[in-house]
Amino acid sequence: MTVLISIVAGVLGLTLGSFANVPIARWPQGGTVTQPSRSACPACGAAIRARDNIPVISWLALRGRCRDCAAPISPRYLVVEVATGVLFAGVAAVWGLDPLLPALLVFTWALVVATAIDLEHRIIPNRLTYPLPGVLLVLMVAAVAIDGDWTDLRRGLIAMVAVPGVMLALSETFRLLRGKVGIGMGDIKLAVSLGLVVGTLGGLHLVVFAYGTIISAGLIAIVLVVAGRATTASRIPFGPYLAVGAMLTVLAGDPLTGVVRAWLGL
Ligand SMILES: [Zn+2]
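Note that the coordinates shown come from a computational prediction; the quantities given were computed from them, not determined experimentally.

What follows covers the nonpolar core. Core analysis: the biggest nonpolar cluster contains 55 residues, and V113, A114 and A246 have the highest contact counts within it. Those elements giving two or more residues to this core turn out to be helix 1 (2-26), helix 3 (75-95), helix 4 (101-121), helix 6 (131-147), helix 7 (151-178), helix 8 (185-201), helix 9 (203-226) and helix 10 (239-264). The greatest single-element share of this core, amounting to 12 residues, is contributed by helix 4. When residues are assigned to domains, this core turns out to be shared by domain 1 (1-97) and domain 2 (125-266), each giving three or more. When sequence neighbours within four positions are dropped, the list of residues in contact with A114 reads I124, L128, L190, G239 and A243.

Below, the structure is given as structure tokens:
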């Protein structure tokens with residue numbers, strides 16, 4: 001049964017990953033998901049045919065080039081589709097038919113979009129961070145209405161304020177001490193949704209999330225500095241690390257909170 005749910009979620013992820021490429025390409029340019037209604041090749045303007053819009057398969061069949069003008073199509077399209085498919089399958093394999101599954105899949109999709117845009121443009125658009133907590137909250141209230149226990153969501157609502165609050169305080173402290181912007185406002189706005197979801201999963205999940213974010217940021221910073229691709233002063237987008245920390249918590253929250261519990265002697 002879990003295998004079946006995982007496969008269905010994986011296929012859904014490939015499709016929604018393909019759709020995620022629309023806001024990823026358009027939002028940073030100020031465009032919207034619905035306008036224009038059809039996607040076109042940015043090089044020659046030819047409309048993308050339906051048969052060239054199949055997730056993963058089309059990109060591979062076209063060998064990453066436009067059918068009309070042979071201009072290269074960014075590998076980002078393929079990476080986003082595969083990543084969304086794999087993450088959806090993983091989340092469904094871990095959570096099964098839990099009432100929280102729809103909210104966790106929406107959350108996963110949003111983190112893929114935020115990561116792709118932040119890596120390329122160093123921003124996380126308000127078009128994503130403003131509606132996201134509302135959408136998640138509706139799905140999570142629906143989930144609680146099914147199982148009737150409000151304790152977890154109450155903790156999520158507190159974390160929804162506390163997590164961005166702590167990040168804002170850290171960022172302001174850093175700014176006062178160093179005279180530089182610490183954490184971007186886009187990251188802090190995204191943290192409203194991060195706090196809501198991770199806080200609902202559990203109190204110790206917030207610890208796992210914080211460590212996952214800090215450790216992944218530290219590891220990548222070391223790799224970049226060693227590879228000569230960055231200095232210790234380079235501004236590295238922070239959104240992707242928040243996304244890694246959050247996905248780690250969603251996918252491996254139970255074993256990792258066990259580690260935290262043993263470590264704290266609880
Ligand atoms: Zn073209």
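That covers the picture; the talk isn't over yet.
Moving on to the domain arrangement of the protein chain. Once the domains are mapped, the protein chain shows domain 1 (1-97) and domain 2 (125-266). Contacts between domain 1 and domain 2 engage 6 residues on the former and 5 residues on the latter. Among the residues making up the side of domain 1 that touches domain 2, the classes are represented as 5 nonpolar, 1 polar and no charged.

Moving on: the packing of helix 4 against helix 8. Between helix 4 and helix 8, the least distance of the axes is 12 Å, while the angle of their chain directions is 150 degrees. Relative to helix 8, helix 4 is oriented roughly antiparallel. Remark: the crossing between helix 4 and helix 8 carries left-handed chirality. Contact residues: helix 4 offers A103, F107, A110 and A114, while helix 8 offers L190, S193 and V197. Here the contact of helix 4 with helix 8 is built from residues that sort into 6 nonpolar, 1 polar and no charged.

With that settled, consider the packing of helix 4 against helix 6. Where helix 4 meets helix 6, the axes come as close as 8 Å, and the angle between the chain directions of the two elements is 160 degrees. Relative to helix 6, helix 4 is oriented roughly antiparallel. Helix-helix and strand crossings are classified by hand; for helix 4 and helix 6 the assignment is left-handed. For the pair formed by helix 4 and helix 6, the contact residues are P102, A103, V106, F107 and A110 on the first element and L132, V135, L136, L139, M140 and A143 on the second.

What follows concerns the environment of I220. Structurally, I220 is set in helix 9. Among the residues examined, I220 registers 15 C-beta atoms within 10 Å and is labelled partly exposed. Taking the C-alpha atoms as reference, I220 lies 29 Å from G156; in sequence the two are 64 residues apart.

Turning next to unusual backbone geometry. Residues other than glycine predominantly adopt negative phi, and peptide bonds predominantly adopt the trans conformation. Cis geometry is found at the peptide bond from Q35 to P36, where omega equals -10 degrees. Relative to the helices and strands, P36 is located in the loop between helix 1 and helix 2 (57-61). Even without being a glycine, R63 presents a positive backbone phi close to 50 degrees. Relative to the helices and strands, R63 is located in the loop between helix 2 and helix 3. For R63, a count of 9 C-beta atoms within 10 Å corresponds to the exposed category.

Criteria and thresholds
- Residues numbered from 1 in each chain as written.
- Predicted model: local features only at pLDDT ≥ 70, side-chain atom pairs only at ≥ 80, totals over all residues.
- Core = buried A, V, L, I, M, F, W, Y, C linked by C-beta atoms within 7 Å.
- Buried ≥ 20, exposed ≤ 12 C-beta atoms within 10 Å, placed from the backbone.
- Helix = DSSP H or I, 4+ residues; strand = E, 2+ residues; numbered from the N terminus.
- Domains from an automatic or database assignment.
- Contact = placed C-beta atoms within 7 Å.
- Nonpolar A, V, L, I, M, F, W, Y, C, P; charged D, E, K, R; others polar.
- Axes fitted to C-alpha atoms, helices over the stretch in contact; angles between N-to-C directions.
- Parallel < 35°, antiparallel > 145°, perpendicular 65-115°, else oblique.
- Left-handed = near helix turned anticlockwise from the far one by under 90°.

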